[in-house]
Structure formats: structure tokens, C-alpha cells
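Coordinate analysis (summary)
Each chain is listed here by its residues.
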Amino acid sequence: MKKYWILILIVFYGFHASSQIHDPVKWKTSVEQISETEYHLITVADIETGWHLYSQTVPENGPIATTFTYENGEESFKILGNTSEEEGHIVDDPVFKMKIKYFEKSTVFKQKIHVDKEFKTIKGFVEFMVCDDSKCLPPTEVELVFNLVEDTTQAGQNLENNTVDNNQTNKLLYGMVPEDIQLTTNTSVEQKSFWSIFGLGFLGGLLALLTPCVFPMIPLTVSFFTKKGDQNKSSGVSKALLYGFFILMVYLILSVPFHLLDSVNPDILNEISTNVWLNIVFFAIFMFFAFSFFGYYELTLPASWTNKTTKGENAGGIIGIFFMALTLAIVSFSCTGPILGSLLAGSLTVDGGAWQLTTGMAGFGLALGLPFALFAMFPNMMNALPKSGGWLNTTKVILGFLELALAFKFLSNADLVKRWGILKLEPFLIIWIIIFVGLALYLFGKIKFPHDSPIKKISFPRIAGGILVTCFVIYLASGFRVNKETNTFTSLTLLSGLAPPVGYSWILPSTNTNNLKTFKDLKEGIAYAKQVNKPIMIDFTGYACVNCRKMEEHIWPLENIDNYLRNEYVLISLYVDDKKDLPEDQQIEVNRVNGGTRRLKNYGHKWANFQTQFFKSNSQPYYVLFNPNKNEVLTEPVGYTPSEEDYGIFLQNGLEVFEKQN
């Protein structure tokens, strides 16, 4: 049972991109002499935890492979065979749909050479690409130095120590310099996100109040505090208020362990919420929750827990009241656990880490504890409460249908990531239609569950609810209408973030990004934005960027997001791994942010340099909202943001700031 409880806590979980230059791979070189004329050039890559470096052999249309080149201007040595590498890890990549080999922590590459004459050093270059679970870095080229004789030159040192005029090169390449860029500080994205989580938690607490586990406890508990003969009324009210406060504290305390996890590994919540197999576990758990709400069995925590907290109630005073609140949380778990788990697991993102869990718990605990305090202060209000009866079980069964529908949202998450093609848009909508048809039939009295009371006459609330659910079923069916503009099924606003993207379809699949007008040249996009007087979204992306594809396929097509990108912003997508050669006049030396210089050879180099020079970031995806009229960043840039709500707030905030400035 303890393992099950831990699993339930995990269910309560669902990045704010920070501008920084990532440098997760350190390269070291050495030389191993095999004979008088043969050597091994050894290159060691030390990789930071959480990052992985791709192999030299990657299938076509996959990520950028690691590539070694060795300078041999005078042909003083011969390359013997290919550069060898270690075994590494071979995985099935869900986005590229292929087996890809990569390395973690550390790996060694060896190149055998034959030397014709004596010389001290051999120079080479390694071009590579690294990713972690939420971002990829653009292809990077590092100079390697192999010393065949003892030398004080450090291996891997960039020998170019000259600097170039940043202003001159930036003006040539981008038409501006970093000093021209201004940043508008705007923190409302995070604040709005936390308020929405709090609101969802509060709504869940109100729903929990209307269940047979909690509702009957309200008059009993309030009477216990206000009608004891050994205390005056004010004392009873203060104890009831304290009781409500402790209910809030119990749920806040449940979130504390996850702050410890968050501090040890800030990415752990992202790993929990996006892990394929955990999403399948969530699916199974919510199915289990649903049938418990239907009345086929009860979810209960160990009886020993209840016995211990009940004994604690006898301590009296503040400690006794705390144990009363803890007892309520335990005995009502069969109703409160599924509601809280469903709402939070369905809405939490990793942007706020464990603080989002705490915020949701605060809303839930406040809604659950508030009535006990209010009715203690105003006991006459209890006369207005409806009497307990069959409607409490009806509420619980309705929640069971909602749990059932939500379960398939998690199965859909796993299917989208793995690209199994099982739960595409069509079967998902059909399953939801069947679930809500069942709910409508239940409300009309055509279906019964184990704990339902006999229905002599269908009440008006049930009839009204049945009609409302029937309308929702019709709305779901409208999702099969074809959008002639995009040649996909029609996106349903109410299901944004719940149903698969309209392009993920059996009948009308779509491989593009909703036919958005996209510029791939910065200057051209800025000129157009000025002409139409619209803000810009600069999208730093890559052809081989896994999470860029996830955003473009699963978030951008959603109706709310699509409207922003199609109608409100000018989209400029800059591919940092574009191998197309730059014009000769742009193949120039530029300063590296971390020191030294490099020559820009292709468009990928140009846009990667732009991102690092101007925004001090080198990970993708990376989204910058920009006012072309004032050269001003409208709000804090973000990276991988798999939440429609958070990404929508980001776009809306940028639009609001732009409208105020113009």
C-alpha cells in the first residue's frame, strides 16, 4: 500500500528558459605512439550529466553527427581508416523515428595515422551537437591540437586569440548590435500561471466538498466545535478556524518532499510529467480512480494511519485539532485523492517546479477548510445546506466519468511521444464521445451504478445536466469537420492541450506547421514586420532539434496558439544547424562569447552566433518576442514550453506590451 501511495503522490505533478551559454562538453587530446611511424590521435569528450553527444554515424534526416577533420596541408601524415568510437547507447528516438546512437558522461575517439616525417603538432577540428531532455545546442566546432612531442601548448586550446570588431560584424550580419536591444521586464507570465494553478486547486477542493466522504462531515464537525458545554462560543469559533487552517496545512505539507527533489534535480518534475511510461501509469491509475468513483470498490489508506491520527485527537488543544484535520484528510482520501490527483496532474507544468504543486495544494486545502471556518462563525448558514442523499453519490459518479475521460489524455501523451499511431485524433474523439454519451445516459437514468438510489423521478438538475452533456457530445462530433484552409480536421478550442493535434490523424495527416507564413532571414522578416506594424517572434530552432519539433507539432497547431502566430505575430525561424553556405562577404571572423574567434561558414553558424551574441543563450528551442520599431524584447524569452496555457500567456503578454508601446 505504501508503494501505491507514493505512486498517487507522483500523480500530483505535471521551464522557464533562462538566458545562459551552455558548454556541456569539454574536449581533451593526447597522442599514443604505436610504432616509429604510427600513432593514435586520441580525443576524449567529457560530457556533463544530463547531456548526450551524438555518434559519428547517424541515419539520414537524423540529428547532426559528430565529425572529425584533420589538417594536413603538406601531406606530412596519412589517415589510416576512420576515427573509431566507443559502443555508446542506441535508442529508439520518438521524434526522428529511428535508432540513434549517442554517448553520455564520457567517451573516447581514436584516429590512427602514419607519419612520414618529423613534426611537432597536428591540428584538427570536431563538429558536434549535444542535447538534453528539454533542449539542443547548435552544431559547434572546436579546434583540436595533438602534440606528437612534449609541448607546453594545452590540448584543445583555440589558437586564435585575435579579436574582431563586434559592432562592425554585427551591423553587417544583422543590421544591429547587442547594445541596440532593450529588454522589457515582465513577470506576469509566471504570476498568471500560478494563479491559474491555484484556481484549479480551489475548484478541485469545492468538488471534493460535494462528495459523500466530505459533505456530511461539515455539520458534524462544526457542531462539535460550537456546541461543547465546556467552552464559550468564541472559543469554539476560534477552534473551528484553527481546524480549517490545519486542513490547509496538511495539504501544503504534502508538497514539501517534492521541493527537496526539485532542489536535488530541477529537471525531475519535467522527467515525471513527460515520461512515456509514467504517462501510461497515470492512465492506469485514473482508470482505477474512475471505477472507484463508480462504486465498484473503495480507495482507502491503511487503517493504522487512521487509528494513529484518531489517538492524536485525544491530546486536546492545538495538537488535538491538528490530528482531527489530518484524520479528515485520511478518511476522505477515497474522494479527495482522485480529484486532486486529476486536476494537478492534468494542469501542472514544470515552469514553476515544486512551487506549482504547493500552489495547487494551497487552493485545494483552502477550499476544503474554508466551509468549516465559515459555518462555525455563522452557524445559521448551515440551514441553507442541502440534506445529504443520493445526489452525493450522483456527484461522485459524474466525477468518475470525468476521470475516465482524463485517463485517455495521459495515454494520448504517451502515444504522441512514441508515435505509436494508436490514439490519433479520430479514435481519441470517438472514445470521448462514447464516455460522454454514457454520462448523458446516466443523468437521464438509463444507466445505474452500485450505490445509486432508486430513481422515482428524474430531477431538473439531472435533466439540465444531461442536456448540457449531450450538447458537449455534439461539440465533440464537430471535431470531424474538415478545415478546408489547412486540409485538417477542425481544432476544438475546449480540447486544446487534451486532444491530439489535428495533424496527428489517420485520415487527414499534416506534416507542416499549419501553413504559417515564415521568414528564414532576419532582415527580411524585420522589414516586413515594420511594414505591417506587427511584433516579431524570433524562433531559434534546428532541423535536428527534438523539442523544436515537439513544439511545432503539438503546441503551435492548437487553435489559440495558431491564431497568435498566424494573425498577431510575424514569425522568423532561424535554423542554427542550416548547412547552406553563407555568401562569401558574410563568411567572416567573429568573436566567440567564451573567448577566441571563429569563422562563419554557413547560415547555421550565423544564426547561432546571433543568438549567443545578442541573447546570451545557445539552446533550442528559444523564443524571443521583439518590437522591430523600437528594437525591444517585449517579455522574458522562453525555451521549451509544452503547456498551451503558459505559451499562450507568453504570446499574449508580448502582444499587450507591443500595443502599449505603439
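Just so it is clear, the model here is predicted, and its values are computed rather than measured.

Rules used in this analysis
- Residues numbered from 1 in each chain as written.
- Predicted model: local features only at pLDDT ≥ 70, side-chain atom pairs only at ≥ 80, totals over all residues.
- Heavy atoms only, no water.
- Core = buried A, V, L, I, M, F, W, Y, C linked by side-chain atoms within 4.5 Å.
- Buried < 20%, exposed > 50% of the residue type's maximum accessible area, 1.4 Å probe, protein only.
- Helix = DSSP H or I, 4+ residues; strand = E, 2+ residues; numbered from the N terminus.
- Contact = heavy atoms within 4.5 Å.
- Arc of directions from axis to C-beta.
- Pairing = 2+ DSSP bridges.
- Axes fitted to C-alpha atoms, helices over the stretch in contact; angles between N-to-C directions.
- Patch = residues over 30% accessible without salt bridge, like charges linked within 9 Å, V, L, I, M, F, W, Y side chains within 5 Å.
- Areas by Shrake-Rupley, 256 points an atom, 1.4 Å probe, with all protein chains shown as cover.
- Salt bridge = Lys/Arg side-chain N within 4 Å of Asp/Glu carboxyl O.
- Phe/Tyr/Trp six-rings, centres within 6.5 Å; stacked < 30°, edge-to-face > 60°.
- Lys NZ or Arg CZ within 6 Å of the ring centre and 35° of its normal.

**Here we look at the nonpolar core**
Counting 38 residues, the largest nonpolar core has F401, W432, F436, L476 and L495 as its most contacted members. At the level of secondary structure, the elements contributing two or more residues to this core comprise α7 (276–293), α12 (390–418), α13 (425–443) and α14 (460–477). With eleven residues, the single largest contributor to this core is α13. Not counting residues within four places of it along the chain, the set of residues in contact with F401 comprises F294, I435, G438, L439, Y442 and F449. The next biggest cluster of nonpolar side chains, apart from the first, holds 29 residues, and it includes L173, I536, F614 and Y622.

**Topic: helix α2 (residues 166–174)**
When we look at burial in α2, the residues that qualify are T169, N170, L173 and Y174. Taken end-on, α2 shows its buried residues confined to a sector of 95°, consistent with a single buried face. Taken together, the buried residues of α2 touch α15 (522–532), β18 (589–591) and α18 (603–615). Looking one or two places after α2, you find G175, whose phi comes out positive at around 75°.

**Brief notes about the sheet that holds strand β9 (residues 121–128)**
Taking strand neighbours across the sheet as the criterion, the three strands line up as β4-β9-β11 in an open arrangement whose pairing is antiparallel. Looking at the sheet topology across the chains shown, the edges are occupied by β4 (67–70) and β11 (140–147). Adjacent strand axes in the sheet meet at a mean angle of 25° when their direction is disregarded. Examined bridge by bridge, β4 and β9 share four bridges and lie antiparallel to one another.

**Details of a nonpolar patch on the surface**
A contiguous nonpolar patch, built from L241, L366, L370, L374 and M377 and spanning about 340 Å² of accessible area, is present on the exposed surface. It is helix α11 (residues 354–377) that provides the largest number of residues to the nonpolar patch, a total of four residues.

**Comments concerning the sheet that holds strand β5 (residues 77–85)**
Spatially, β1-β2-β8-β5 is the arrangement adopted by the four strands of the open sheet, whose pairing is antiparallel. Edge strands, defined here as strands with exactly one partner in the open sheet, are β1 (25–33) and β5. Taken over all neighbouring pairs, the strand axes of this sheet differ in orientation by 20° on average, direction set aside. For β5 and strand β8 (residues 106–115), the ladder comprises six bridges, and the chain directions are antiparallel. When the bridges of β8 are listed, K78 appears paired with H114.

**What to know about the packing of aromatic side chains**
Applying the stated criterion across every chain yields a total of 36 aromatic pairs. Ring centres of F401 and Y442 lie 6.2 Å apart, and the angle between their planes is 40°; this geometry places the pair in the tilted category. One end of the pair, F401, is in helix α12; the other, Y442, is in helix α13, and 41 residues separate them in sequence. For Y442, a relative accessible area of 0% corresponds to the buried category. Taken together through their ring pairs, the aromatic side chains of W27, F68, Y70, F103, F109, F128 and F146 make up a single cluster. Sitting over the ring of Y442, R462 keeps its end group 4.9 Å from the ring centre. The cationic tip of K517 hangs over the ring face of Y528; the distance from NZ or CZ to the ring centre is 5.2 Å.

The values are spatial; any link to function lies outside them.
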